[in-house]
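Survey of secondary and tertiary structure
Here are the chains, one letter per residue:
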Amino acid sequence: MPDKDLFTPVTVGPYALPNRVVMAPLTRNRATDKNVPQAMNVRYYAQRASAGLIITEATQISPQGVGYPLTPGIHNDEQVAGWRNITAAVHDKGGRIFNQLWHVGRISHPSLQIDNVLPVAPSAIKPAGDAFTYSGLQPFVEPRALDTEEIAAIVSDYQAAALKALAAGFDGVEVHAANGYLIDQFLRDGSNQRSDEYGGSYENRTRFLLEVLDAVIEVWGSGRVGVRLSPLNPFNDMHDTNPEALFGYVVQQLNSRKLAYLHVVEGAIQADVDSDTAFDMAILRRQFEGLYIANGGYTKQRANDALQTDRADLISFGALYIANPDLVARFKQDAGLNQGDPTTYYGGDEAGYTDYPFLE
Ligand code: PHB
């Protein structure tokens, strides 16, 4: 497929997208303290509707899945109502929007949990670092390892959230299996030391991901379900002894599902952190039989290079979308880009959120 660039239309599942510019999921901590999307979130997403596809910020599937203050959920009716305003505003402007389904697992804190219980995880392995809580940073705690019998209920929570996402008017969902959250904690052996059928072999560590995907596909159909992986991202104290083999296995299993896309965080999400192992993501791209969305510090130039050399089908942009609501127009016109202000990335009001200027 030669000669494609960011402005070559592409069909994702049932959707004909006008361009290959994807807005990456971005946690902005501007929902209410009841984890409900609100008016400023409507403006923010509507401003970015010219993206070929918007993937929302990570969204909790259940109260247990919460890991940060002021992040939205998709498990009660108030949240569905909040999201409906967002999907309607994006659709009014001709955009498409997928909801990213999230459970943070061990990256939570008792103070964020109902009855202050311990966060849950595949194994009782405490990550290094601190949790973000309503009273500031607090050291992570040792999570409670899930019993085998409890796992089906979490898969059901994903399915219930997928149904709510459908009711909220989304165009699809992305299963968040990246960045050290619950599904990734099952995949990689630094966080999964289980001895039941969810631990050990690649097959066993991938079981939870596939159960979640199959449950969500029952609701949406496979063409409206994507998945996000981050094979090398060490964020949230993640590591694996053989990521190339593990994720090669994962991608083979994904092939039989005929998903809307595979979305890959190709390196580390924090620019100042090196991932401890390296392999060529082009291998995963070739192993995957569907559309591949690449993510990770892409510029327009690098994005078009990746598309022209067939190393990706679409490119997602995170940081650039914070400061450039009209990123598509700016790319098209080779216009300058607004500079983002990192002090307003997480939390706050409309300043640094909905007030970045559009091109004249
Ligand atoms: C974050 O809130 O820092 C965050 C959330 C979800 C991610 C990555 C980072 O996938």
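Residues numbered from 1 in each chain as written. Predicted model: local features only at pLDDT ≥ 70, side-chain atom pairs only at ≥ 80, totals over all residues. Heavy atoms only, no water.

1. Details of the overall build of the protein chain
For clarity, the cut-off: The way it works is that DSSP assigns letters per residue, a run of H or I at least four long becomes a helix, a run of E at least two long becomes a strand, and they are numbered from the N terminus. Each residue's exposure class comes from its accessible area (1.4 Å probe, protein chains only) as a fraction of the maximum for that residue type: buried when under 20%, exposed when over 50%, partly exposed otherwise. Only heavy atoms matter for contacts: two residues are in contact if any of them lie within 4.5 Å across the pair. Accessibility throughout is a Shrake-Rupley quantity obtained with a 1.4 Å probe, and a residue counts as covered only by protein chains that appear here. Here the positive residues are Lys and Arg and the negative ones are Asp and Glu; neither His nor the chain ends is included. Think of each charge as sitting on NZ of Lys, CZ of Arg, CG of Asp or CD of Glu.
Along its length, the protein chain carries ten helices and 14 strands. Across its three principal directions, the C-alpha atoms of the protein chain cover 55 × 40 × 40 Å. Buried residues in the protein chain amount to 58% of all 360 residues. Within the protein chain, contacts between residues separated by at least 24 positions form 73% of all contacts whose residues are at least 6 apart in sequence. Taken as a whole, the protein chain presents about 13,900 Å² of accessible surface, with 50% of it coming from carbon and sulfur. One way to put it: in the protein chain the 29 positive side-chain charges average out to a point 5 Å from where the 43 negative ones average out.

2. Details of the site of the ligand
Rules: We call a residue near a molecule or strand as soon as one heavy atom of that residue lies within 4 Å of the molecule or strand. Each polar contact in these results corresponds to two N or O atoms within 3.5 Å; when the atoms are within protein, one needs to be able to donate a hydrogen and the other to accept it, and residues that are neighboring in sequence are counted only if both atoms are side-chain atoms. Residues are grouped as follows: Ala, Val, Leu, Ile, Met, Phe, Trp, Tyr, Cys and Pro are nonpolar; Asp, Glu, Lys and Arg are charged; every other residue, Gly included, is polar.
Around the ligand, the neighbouring residues are Thr-27, Tyr-68, Trp-102, His-176, Asn-179, Tyr-181, Phe-235 and Ile-269. Separating an oxygen atom of the ligand from a side-chain N or O atom of His-176 is a distance of 2.7 Å. For the ligand, an oxygen atom lies 2.6 Å from a polar atom in the side chain of Asn-179. In the complex, 86% of the free accessible area of the ligand, which totals 280 Å², lies under the protein chains. Class assignment for the residues of the shell around the ligand results in five nonpolar, three polar and no charged.

3. Let's talk about helix α8 (residues 300-308)
As a reminder, the rule being used: Picture the helix axis, draw a direction to every C-beta atom, and the arc is the one those directions span.
Listing the buried residues of α8 in full gives Ala-303, Asn-304, Ala-306 and Leu-307. Taken around the axis of α8, the buried residues stretch over an arc of 160 degrees, which confines them to a single face. Where α8 is buried, its residues meet β14 (314-317). With its phi angle positive at about 65 degrees, Asp-310 sits one or two positions after the end of α8.

4. Here we look at helix α6 (residues 243-255)
So the rule is basically this: One fewer than the residue count of a helix, multiplied by 1.5 Å, yields its expected span.
Counted at 1.5 Å a residue, the expected span for α6 with its 13 residues is 18 Å, and the 18 Å between its end C-alpha atoms agrees. Within α6, burial applies to Pro-243, Leu-246, Phe-247, Gly-248, Tyr-249, Val-250, Val-251, Leu-254 and Asn-255. Tucked inside the fold, the buried residues of α6 contact α4 (182-187), α5 (202-220), β11 (225-229), β12 (261-265) and α7 (281-287).

5. With respect to the pairing of β14
Put simply, the test is: A strand pair is defined by DSSP finding two or more bridges across the two strands. When the strands point away from the viewer and the connection leading from the first strand across the helix to the second strand turns clockwise, the crossover is called right-handed.
By the alternation rule, side chains of β14 split into Leu-314 and Ser-316 and Ile-315 and Phe-317, which are all buried. Two strands pair when backbone bridges link them, and strand β3 (residues 21-23) and β14 are joined in this way by three bridges, in the parallel orientation. Paired with Val-21 across the two strands is Ile-315, which belongs to β14. Pairing between strand β13 (residues 292-295) and β14: three bridges, direction parallel. In the sheet register, Ala-294 faces β14, and the bridge partner there is Ile-315. Handedness of the β13-α8-β14 crossover: right-handed.

6. A few points about the sheet that holds β14
To keep things clear, this is the line we draw: Axis lines are fitted through C-alpha atoms, for helices just across the contact stretch, and the angle between N-to-C directions can take any value from 0 to 180 degrees.
Taken in spatial order, the eight strands line up as β3-β4-β5-β10-β11-β12-β13-β14 and close into a barrel, and their pairing is parallel. Sheet twist, expressed as the average angle between the axes of neighbouring strands with direction ignored, equals 25 degrees. Alignment of β3 against strand β4 (residues 53-60), held across two bridges, turns out to be parallel. Following the sheet pairing, Val-22 is matched in β4 by Leu-53. Of the strands in this sheet, β3, β4 and β5 (97-102) touch helix α1 (residues 39-47), which is tilted by about 150 degrees from β4. Seen against the sheet, helix α3 (residues 151-167) touches β5 and β10 (172-176) and runs at an angle of roughly 160 degrees to β5.

7. Regarding unusual backbone geometry
Although it is not a glycine, Leu-70 sits at a positive phi angle of roughly 60 degrees. Note on placement: Leu-70 falls in the loop between β4 and α2 (77-92). The residue Lys-258 is not glycine, and still its phi comes out positive at about 55 degrees. Relative to the helices and strands, Lys-258 is located in the loop between α6 and β12. Taking relative accessible area as the criterion, Lys-258 reaches 56% and is therefore assigned exposed.

8. Structural notes on the packing of aromatic side chains
Using the following cut-off: Paired rings are identified among Phe, Tyr and Trp, the last through its six-membered ring, by centres lying within 6.5 Å, and are further divided according to the angle between planes into stacked (under 30 degrees), edge-to-face (over 60) and tilted (the rest). Sitting over a ring, as applied to charges here, requires NZ of Lys or CZ of Arg to be within 6 Å of the ring centre and within 35 degrees of the ring normal.
Taken as a whole, this structure holds 14 aromatic pairs when the rule is applied. Judged by centre distance (5.7 Å) and plane angle (35 degrees), the rings of Tyr-68 and Phe-132 are tilted. Residue Tyr-68 is found in the loop between β4 and α2, and its partner Phe-132 is found in strand β7 (residues 130-133); the two are separated by 64 residues along the sequence. Relative to Tyr-261, the ring of Phe-98 lies with its centre 5.9 Å away and its plane at 35 degrees, an arrangement referred to as tilted. One end of the pair, Phe-98, is in strand β5; the other, Tyr-261, is in strand β12, and 163 residues separate them in sequence. We note that Phe-98, like Tyr-261, is buried. Among the aromatic side chains, those forming a connected cluster through ring pairs are Tyr-44, Tyr-45, Trp-83, Phe-170 and Tyr-353. The ring of Tyr-298 carries the charged tip of Arg-302 above its face, separated from the ring centre by 4.3 Å.

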